[in-house]
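# Chains, contacts and geometry: an overview
As a plain string of letters, each chain reads:
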Amino acid sequence: FCGSALLRESLPKTAMAMVEDEELRQASVETLADYGAVAEGYAAGNANHDVSQNIDALLRNLAGRPSPLDILDVGCAGGRDLITFTRLGHRAVGLDGAPAFCEMARQSSGCEVLQQDLQALTLPAAAFDGIFANACLFHVPSASL
């Protein structure tokens, strides 16, 4: 958007940072609202999507750690992968920013699910053996990574 670029050029650095922070916050608000509006259909449409190759890749890289593993599933949506990790004998915790997804994931998996914005995570240090973030990080603006 041209107006935004012009605004950035005319602002002092601290004001520009505030504009960028607001834009990043707004990106989260809009993304979470979009997913909230389609949460049930999205979860149902992805319930049988096979991501076993991604789960296997994570677990292969954690093979030297004692089981059960503590796995954080970032962007857990309806809880599909939480269920898989639990069935494999691991302790899974979900994380999603959309309240509807968090509730669905809790109900479907029985796992703890944290509701947090991916741009403002507050997680305990060294609490997880592995982090599974299947098809979700593209929602985080690169300025926040």
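Residues numbered from 1 in each chain as written. Predicted model: local features only at pLDDT ≥ 70, side-chain atom pairs only at ≥ 80, totals over all residues. Heavy atoms only, no water.

## Describing the pairing of strand β2 (residues 91–96)
Burial runs high along β2: 5 of the 6 residues are buried. Bridge analysis of strand β1 (residues 70–74) against β2 gives 5 bridges, and the strand direction is parallel. By the bridge assignment, V74 is partnered in β2 with L95. Read as a crossover between parallel neighbours, the route from β1 over helix α4 (residues 80–87) to β2 is right-handed. Here β2 pairs with strand β3 (residues 112–115) via 4 bridges, running parallel. (Buried < 20%, exposed > 50% of the residue type's maximum accessible area, 1.4 Å probe, protein only. Helix = DSSP H or I, 4+ residues; strand = E, 2+ residues; numbered from the N terminus. Pairing = 2+ DSSP bridges. Right-handed = clockwise from strand over helix to strand, strands pointing away.)

## Remarks on unusual backbone geometry
At the junction of S67 and P68, the peptide bond is cis and its omega measures out at 0° in the coordinates. Looking at where P68 falls in the secondary structure, it is placed in the loop between α3 (52–61) and β1. In this model, A77 sits at a positive phi of 50°, which is unusual for a non-glycine residue. Mapped onto the elements, A77 comes out in the loop between β1 and α4.

## Looking at the nonpolar core
Ranked by size, the top nonpolar core spans 16 residues in total, and within it I71, L82, F85 and F132 carry the most contacts. Taken together, the elements giving at least two residues each to this core come down to α3, α4 and α5 (99–109). Looking at this core element by element, the count peaks at 3 residues for α3. Those residues in contact with I71, other than ones at most four positions away along the chain, are L58, L59, L62, F85, H90, R91, A92, V93, F128, G130 and F132. (Core = buried A, V, L, I, M, F, W, Y, C linked by side-chain atoms within 4.5 Å. Contact = heavy atoms within 4.5 Å.)

## Thoughts on the pattern of salt bridges
Side chains that differ in sign of charge can pair as their charged atoms come close. Here the structure, examined in full by the defined rule, presents 5 salt bridges. In this structure, D81 engages R80 in a salt bridge whose closest nitrogen and oxygen atoms are separated by 2.8 Å. Across the pair R106 and E103 runs a salt bridge, and its minimum N-O distance is 3.7 Å. Residue R106 and its partner E103 are both found in helix α5; the two are separated by 3 residues, about one turn of the helix. (Salt bridge = Lys/Arg side-chain N within 4 Å of Asp/Glu carboxyl O.)

## Details of the sheet that holds strand β4 (residues 130–132)
Taken together, 4 strands build an open sheet; the order of strands is β3-β2-β1-β4 and the sheet is parallel. What marks the edges here is a single partner per strand, and that holds for β3 and β4. Each strand of the sheet is rotated relative to its neighbour by a mean of 25°, with strand direction disregarded. Here α3 sits on the sheet in contact with β1 and β4, set at roughly 165° to β4. Against the sheet, α5 engages β2 and β3, with an angle of about 175° to β3. (Axes fitted to C-alpha atoms, helices over the stretch in contact; angles between N-to-C directions.)

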